[in-house]
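# Descriptive analysis of the structure
Here's the letter readout for the chains.
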Amino acid sequence: MQLRDNGLGFSPITVALHWIVAFLLLAIFASQVMIGHASSEAQQMDFGQVQNLLGLMLFLVSIYRFWARITSYHPLPVGTPNPIEVIISRSVAVSLALAMVLLPIAVWASRSAAGIEVGLPGGLSIPTLLPVNDTLKHVVDVLFNIGASAFLAGLALHIFGAVKNHFLLKNNTLKRMLGKHVEL
Ligand code: HEM
């Protein structure tokens, strides 16, 4: 099995992790909606713990993924896109991968600075290693909001690019990310 990406294609690991991350992100958003609609405080806490676990999984997978992205070749683009578009789309993809490492850290840091443990199902929790400090929490929250907004904008552009390639340019960019072997 091809373990790393090369100039000719993504490895099956990259493809699998790409969609696992997309699914985890979706599950985190869905759990946020469920927290908002919870019928009791206990249920809210349960959903919160599941959300924290999803965030932890996202973080751990993303450490590998970011490392793999910056240490292996990005396969050649499908078709003949303009080089500026290639540079932008690749920079956005790398930034999305990095954001999935940094944003979970910011959530943990913000809670730590507020003295709140990140609780996990089964009575486990992630230790709060930072001092309780209002100013620190404020700074982390501002950085999180900037990072999360940039991430959402980048993700919108990324999905727009995928949709454009698939429906408008009718090439195999999306199919390749779904595991199809594409001859370049
Ligand atoms: C509906 C959601 C998504 C679609 C349709 C989509 C589509 C794609 C496509 C088609 C590629 C291949 C681009 C190429 O050939 O160079 C790609 C690559 C990539 N995408 Fe997405 N994507 C989605 C969600 C995400 C999310 C949520 C993230 C990260 C948070 C992400 C990060 C990346 C990265 C880092 C790459 C480069 C390959 C890798 O290292 O995984 N994508 N995506």
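So, here is what we can say about the structure in this document.

Analysis parameters
- Residues numbered from 1 in each chain as written.
- Predicted model: local features only at pLDDT ≥ 70, side-chain atom pairs only at ≥ 80, totals over all residues.
- Heavy atoms only, no water.
- Helix = DSSP H or I, 4+ residues; strand = E, 2+ residues; numbered from the N terminus.
- Buried < 20%, exposed > 50% of the residue type's maximum accessible area, 1.4 Å probe, protein only.
- Contact = heavy atoms within 4.5 Å.
- Areas by Shrake-Rupley, 256 points an atom, 1.4 Å probe, with all protein chains shown as cover.
- Lys, Arg positive; Asp, Glu negative; His and termini not counted.
- Charge placed at Lys NZ, Arg CZ, Asp CG, Glu CD.
- Polar contact = N/O pair within 3.5 Å; in protein donor to acceptor, adjacent residues only side chain to side chain.
- Donors = N, O, S within 2.8 Å, 3.2 Å for Na, K, Ca; no water.
- Tetrahedral: all angles 85-135°; square planar, octahedral: opposite > 155°, others 65-115°.
- Near = heavy atom within 4 Å.
- Nonpolar A, V, L, I, M, F, W, Y, C, P; charged D, E, K, R; others polar.

Right, let's talk about the overall build of the protein chain for a bit. Looking only at helices and strands, the protein chain features five helices and two strands. Element order for the protein chain, N to C, with α for helix and β for strand: α-α-α-β-β-α-α. For the protein chain, the C-alpha atoms occupy an extent of roughly 55 × 30 × 30 Å along the three principal directions. Per-residue burial over the protein chain gives 32% buried out of 184 residues. Long-range pairs, those at least 24 residues apart, make up 64% of the contacts in the protein chain with a sequence separation of at least 6. As displayed, the protein chain offers around 11,400 Å² of accessible surface, 71% of which is attributable to carbon and sulfur atoms. For the protein chain, the distance from the average site of its 11 positive side-chain charges to the average site of its 8 negative ones is 17 Å.

As a further point, take the side chain of Asn52. With respect to the helices, strands and loops of the structure, Asn52 is situated in helix H2 (residues 41–71). Residue Asn52 is classed as buried on the basis of its relative accessible area, which comes to 13%. Separated by 3.2 Å, the side chains of Asn52 and Arg111 make a polar contact. Polar side-chain contacts of Asn52 include one of 2.8 Å to the backbone oxygen of Gly119. Setting aside anything within four residues of it in sequence, one finds Asn52 in contact with Arg111, Val118, Gly119 and Leu120.

Another aspect to go through is the coordination of the iron atom of the ligand. At 1.9 to 2.0 Å from the iron atom of the ligand lie its protein donor atoms, namely His18 (NE2) and His158 (NE2). Viewed at the metal, the six donor atoms of the iron atom of the ligand are separated by angles of 87 to 180°, and the geometry they form is octahedral. Note that His18 is positioned in helix H1 (residues 12–36) and His158 in helix H4 (residues 134–168), a separation of 140 residues in sequence. Under the relative-accessibility criterion, His158 is labelled partly exposed at 30%.

It is worth spelling out unusual backbone geometry at this point. Not every positive phi belongs to a glycine, and Lys170 is a case in point at roughly 50°. Looking at the secondary structure, you find Lys170 in the loop between H4 and helix H5 (173–177).

All right, on to the site of the ligand then. For the ligand, the set of nearby residues contains 22 residues, the closest of which are His18, Arg69, His74, His158 and Arg176. Between an oxygen atom of the ligand and a side-chain N or O atom of Arg69, the distance comes to 2.7 Å. Sorting the residues of the shell around the ligand by element identifies H1, H2, helix H3 (83–113), H4 and H5 as the ones contributing at least two each. Counted by class, the shell around the ligand contains 14 nonpolar, five polar and three charged residues.

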